[in-house]
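Listed below, chain by chain, are the residues.
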Amino acid sequence: MTVETPARFSPLAEWQDRLAQSPAGFQVRELPCLTQLTLRVPPGGAAAKAVESCLGVTLPGPLRTELSGDVEVLWMGPDEWLLVAPDGRQDDLLARLRSAIGDEFATVTDVSAQRTTLALSGDLVRTVLAQGCAIDLDPRVTPVGSCLTTLLAQAPVTLVVHDGAACGVRLLVRSSFASYLAAWLVDACTEYR
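Keep in mind the model is a prediction, meaning the values are calculated, not measured.

Undergrad: Now, about empty space enclosed by the protein: what can you tell me, with residues and values included?
TA: If you walk through the whole model with that rule in mind, you get 1 cavity of 30 Å³ or more. Computed from the structure, the largest cavity encloses a volume of approximately 40 Å³. For the largest cavity, the full set of lining residues is Leu 34, Glu 72, Leu 74, Val 84, Thr 117, Val 160, His 162, Arg 170 and Leu 172. Where the lining of the largest cavity is concerned, the elements lending two or more residues are strand S4 (71-77), strand S9 (155-163) and strand S10 (168-174). When the residues that make up the lining of the largest cavity are grouped by side-chain class, the tally is 5 nonpolar, 2 polar and 2 charged.

Structure follows, in structure tokens:
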């Protein structure tokens, strides 16, 4: 019996035109099919050190993110990180990390199909997001490198601040909530057109 892997798709393919019509100060684009790996490892242990050596980055602490080349490491919990990289890097990263970890206690799981990513930029980003998010998005409170798991319009998201000057924010949202969140974003920025 042969089992075929389903083709990867964009959860927001039908939203591309509407998202592109956002006002000048609020640009939205989907970054579909990014590589996403969940890493569970006791911090500070031999496995964590092996992962850090393999990636060339220190695993970030609470509410932070670190970048190593094209791999971004997001803190998700006391012993959990999400590794985000360009599409197609799953097999390479999994092999490298599993080899580095060896027999030490840790897990690395491919969760790439679980979420999609929305890249937001422009002067209105913080204003629009503030309509549906309880997090204080002032750059003094959530500077570049912040990584927060929160609710945006009642949808669970991971919010990552990438660029303070251009108000660059990425939202990682489960595929099942993606259309709902896209509709909310389109509606939330309507008054700024």
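Undergrad: Give me helix H5 (residues 175-188): which residues, what numbers.
TA: Between its first and last C-alpha atoms H5 spans 20 Å; for 14 residues at 1.5 Å apiece the expected length is 20 Å, and the two agree. Listed as buried for H5 are Ala 178, Leu 181, Ala 182, Trp 184, Leu 185, Val 186 and Ala 188. Considering only its buried residues, H5 is in contact with helix H1 (16-20), strand S7 (115-121), helix H4 (125-130), strand S8 (147-152), S9 and S10.

Rules behind the numbers
Residues numbered from 1 in each chain as written. Predicted model: local features only at pLDDT ≥ 70, side-chain atom pairs only at ≥ 80, totals over all residues. Heavy atoms only, no water. 1 Å grid on protein atoms, 1.4 Å probe; cavity = no way out; pocket = protein on both sides within 12 Å on 5 of 7 lines; lining within 4 Å. Points joined across faces, edges and corners; volume = space filled by probe spheres on them. Helix = DSSP H or I, 4+ residues; strand = E, 2+ residues; numbered from the N terminus. Nonpolar A, V, L, I, M, F, W, Y, C, P; charged D, E, K, R; others polar. Expected span 1.5 Å × (residues − 1). Buried < 20%, exposed > 50% of the residue type's maximum accessible area, 1.4 Å probe, protein only. Contact = heavy atoms within 4.5 Å.

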